[in-house]
Amino acid sequence: MKKTIILSLAVCLLPAFAAHAKKNDCNTRKNPPSGEVTLQQVIELGLCRNPNTAAAYLSAESARLSKNAAYAPYLPSVNASVDGTKRLRNKEWSDWQSGASLSASWLLFDFGKRLADLNAMAAMWRATGFDYSNTVQNFVYEMVAAYYGMLGADAEVRVAEYLVDVARGARDTASKKHSAGSVARADVLRADTTLALRELELQRANGNREIAKGRLLYLLSFTQDQELKIADMPAQFGSQNESKAIEDLIERARRQRPDLLSAGESKNAAWHRRNSAFLRNLPSISASGTLYYDFNNNYDDFGAGPNDRMGASIGLRASMPIFAGFANAYNLRASQANYERSDEQMRARDDNVQMDVWTAFQNYQTAQKVLVQSEALLKSATESERVVAGMYRVGRATMLDWQTQQADLASAQRQNITAKYDLFVRRAALALAAGELTEALESE
């Protein structure tokens, strides 16, 4: 039976960097939003402000303009010039001679070299477009991980505060029982030690929360000493139309993963460059024409001889490289080696895609099972702590028994928090590995 997986995204993502630029203040604002923000809002703000995604977008734009420039050889080139000449001969200067000319040339036939160059530039443009998409997807994944990391840190703080309250209640109970003479002072000392330990853990949780907040602010290009409030976004699992077999995920990744698509376009560009290197050894035919005008129409012994005031010329030119110090031969062999290298790189990328999907799939499956087990563990630990606390109050359990149950409850709560938010991150990682984030961006 095929293994299946539940894939869904908890957020709606914006389709392109340009969409975020519509927010007039997103790129220039100095402070994070004052209210509580959702994961979707965080991602929108991050995509607008992040310099890495902006740089990737500009790289794609530069490649697009370079591709457009590759159309130029299909059109005529026209040059205009104006000149003035004053000659010295036999220690005498002639009068100024001036004129203007307009020349044009047009490459008529080159055995397809222009087309090969154009195709190479177009392939590189598409490759940089996929690189931009890959940069956006990886940044979105970082944002998801940082967002849920901060939620997890917030939850750790709340758990630590709860455990401090539990430890303080245990200390108060032990003090009352000691005052009543029903327990030894050792119980009070143990309770004091546990309370101090829980307070220390609360301080560490607050520190970890500040680190997680700083990470998220860093991705948003804000300073780490600012405040940011985020909203919890529980995910829903189990939708039937979201089930996909692992084989389907790998095939989708091969069609959608931007890094694999970029490698494919880089291979195409290398193939066209190899063809262009070969075509450089073939002849080319060009047409040319010149129109000139003499302003002076005054020729003497210092001039070039009598000519009409206005003149023109047209011609055809065929050229073919014969010998260039073996440079063309070496360039052709280098282009062939680059093409073969790009082919191997694409095969390696395809292998990596399969491994990424498989690993993310297994991690997600494991995270689902761990969450179920952690919830059962938390339920059991909570009930056990409640029972032992009641037994201690009536003298049927020791302080050591109660403290042991408190430690088990703390461990169960932390494991449940870790499992919950790790599941969200693992789901995002599987979507990233399968190329699903690109689909989400385009479908919005």
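Criteria and cut-off values
- Residues numbered from 1 in each chain as written.
- Predicted model: local features only at pLDDT ≥ 70, side-chain atom pairs only at ≥ 80, totals over all residues.
- Heavy atoms only, no water.
- Salt bridge = Lys/Arg side-chain N within 4 Å of Asp/Glu carboxyl O.
- Helix = DSSP H or I, 4+ residues; strand = E, 2+ residues; numbered from the N terminus.
- Buried < 20%, exposed > 50% of the residue type's maximum accessible area, 1.4 Å probe, protein only.
- Axes fitted to C-alpha atoms, helices over the stretch in contact; angles between N-to-C directions.
- Parallel < 35°, antiparallel > 145°, perpendicular 65-115°, else oblique.
- Nonpolar A, V, L, I, M, F, W, Y, C, P; charged D, E, K, R; others polar.
- Pairing = 2+ DSSP bridges.
- Expected span 1.5 Å × (residues − 1).
- pLDDT = per-residue confidence, 0-100.
- Contact = heavy atoms within 4.5 Å.
- Core = buried A, V, L, I, M, F, W, Y, C linked by side-chain atoms within 4.5 Å.
- Patch = residues over 30% accessible without salt bridge, like charges linked within 9 Å, V, L, I, M, F, W, Y side chains within 5 Å.
- Areas by Shrake-Rupley, 256 points an atom, 1.4 Å probe, with all protein chains shown as cover.

### Some points on the pattern of salt bridges
Side chains bearing opposite charge may pair, as long as their charged atoms lie close to each other.
Next, step 1: Throughout the structure, instances matching the rule amount to 25 salt bridges.
Next, step 2: Here Lys-113 makes a salt bridge to Asp-117, at a shortest N to O gap of 2.8 Å. Taken together, the residues span about one helical turn, with Lys-113 and Asp-117 both in helix H4 (residues 113-179) at a distance of 4 residues.
Next, step 3: Classification of Asp-117 by relative accessible area gives partly exposed; the value is 26%.
Next, step 4: The residue Glu-227 makes a salt bridge to Lys-213 at a minimum N-O spacing of 3.3 Å. Here the residue Glu-227 occupies a position in the loop between helix H5 (185-219) and strand S7 (229-230), and Lys-213 occupies one in helix H5, the gap between them amounting to 14 residues.
Next, step 5: Here Glu-227 falls in the exposed class, since its relative accessible area comes to 52%.
Next, step 6: When salt bridges with common partners are traced through the structure, they connect Asp-154, Arg-209, Glu-210, Lys-213 and Glu-227 into a single cluster.

### Thoughts on the packing of H4 against helix H9 (residues 399-433)
Geometrically, a packed helix pair is captured by the angle between its two axes and the distance between the axes.
Next, step 1: Between H4 and H9, the shortest axis-to-axis distance is 10 Å and the interhelical angle comes to 170 degrees. As the angle between them shows, H4 and H9 are arranged roughly antiparallel.
Next, step 2: Broken down by class, the residue content of the contact of H4 with H9 amounts to 24 nonpolar, 7 polar and 2 charged.

### Some points on the sheet that holds strand S9 (residues 284-294)
Next, step 1: Strand order in the open sheet formed by 4 strands is S3-S6-S9-S10, with antiparallel pairing between adjacent strands. If you trace the sheet from one side to the other, it starts and ends with strand S3 (77-85) and strand S10 (310-319), each paired once. Each neighbouring strand pair of the sheet contributes to a mean axis angle of 20 degrees, computed without reference to strand direction.
Next, step 2: Strand direction decides the pairing type here: S9 and S10, joined by 10 bridges, are antiparallel. By the bridge assignment, Ile-285 is partnered in S10 with Ala-318.

### Digging into unusual backbone geometry
Next, step 1: Of note in the backbone geometry, Ser-221 takes a positive phi value of approximately 65 degrees without being a glycine.
Next, step 2: With respect to the helices and strands, the residue Ser-221 is situated in the loop between H5 and S7.
Next, step 3: Within the chain, Phe-326 stands out as a residue other than glycine whose phi angle is a positive 65 degrees.
Next, step 4: Among the structural elements, Phe-326 can be located in the loop between S10 and helix H8 (327-393).
Next, step 5: Given the relative accessible area of 53%, Phe-326 is considered exposed.

### Some details on H5
Next, step 1: Taking 1.5 Å per residue, 35 residues should reach 51 Å; H5 reaches 52 Å between its end C-alpha atoms and fits that length.
Next, step 2: The positive-phi residue at the C-terminal boundary of H5 is Ser-221, with phi of around 65 degrees.

### Some details on the pairing of S9
Next, step 1: Two elements, strand S6 (residues 97-109) and S9, share 10 bridges in a ladder whose sense is antiparallel. Bridging from a neighbouring strand, Gly-99 pairs with Asp-294 of S9.

### Brief notes about the confidence of the model for the chain
Next, step 1: With 87% of its residues at a pLDDT of at least 70, the chain reaches an overall mean of 82.
Next, step 2: Mean pLDDT values over the elements of the chain span from 33, in strand S1 (residues 4-6), up to 90, in H5.
Next, step 3: Per-residue pLDDT stays below 50 along residues 1-23; that stretch engages in 72 contacts with residues further than four places along the chain or on separate chains.
Next, step 4: Confidence drops under pLDDT 50 across residues 440-444; counting only partners more than four residues distant or on other chains, this segment forms 9 contacts.

### Details of H9
Residues lying three or four places apart along an α-helix face the same way, a consequence of the helix completing one turn every 3.6 residues.
Next, step 1: Over its 35 residues, H9 extends 50 Å from the first C-alpha to the last, a length consistent with the 51 Å expected when each residue adds 1.5 Å.
Next, step 2: Note on H9: the residue one or two positions beyond its end, Gly-435, has a positive phi of about 80 degrees.

### Digging into the nonpolar core
General note: in soluble globular proteins, nonpolar side chains tend to be found buried as a group.
Next, step 1: Residues Met-143, Tyr-147, Tyr-148, Leu-216 and Ile-230 are the most contacted members of the largest nonpolar core, which totals 40 residues.
Next, step 2: Residue assignment for this core shows that the elements contributing at least two residues are helix H2 (39-49), helix H3 (51-69), H4, H5 and H9.
Next, step 3: Of all the elements, H4 adds the most residues to this core, at 15 residues.
Next, step 4: Setting aside chain neighbours within four positions, we find Leu-216 in contact with Val-42, Met-143, Ala-146, Tyr-147, Met-150, Leu-228 and Ile-230.
Next, step 5: Counting residues in hydrophobic clusters, the runner-up holds 16 residues, among them Ile-250, Leu-260, Val-353 and Ala-433.

### Overview of a nonpolar patch on the surface
Next, step 1: Residues Trp-106, Leu-108, Phe-109, Phe-111, Ile-285 and Leu-316 make up a contiguous nonpolar surface patch of about 600 Å² in total accessible area.
Next, step 2: A per-element tally of the nonpolar patch places S6 first, with 3 residues.
Next, step 3: Inspection of the secondary structure puts Ile-285 in strand S9.
Next, step 4: Its relative accessible area of 35% is what places Ile-285 among the partly exposed residues.

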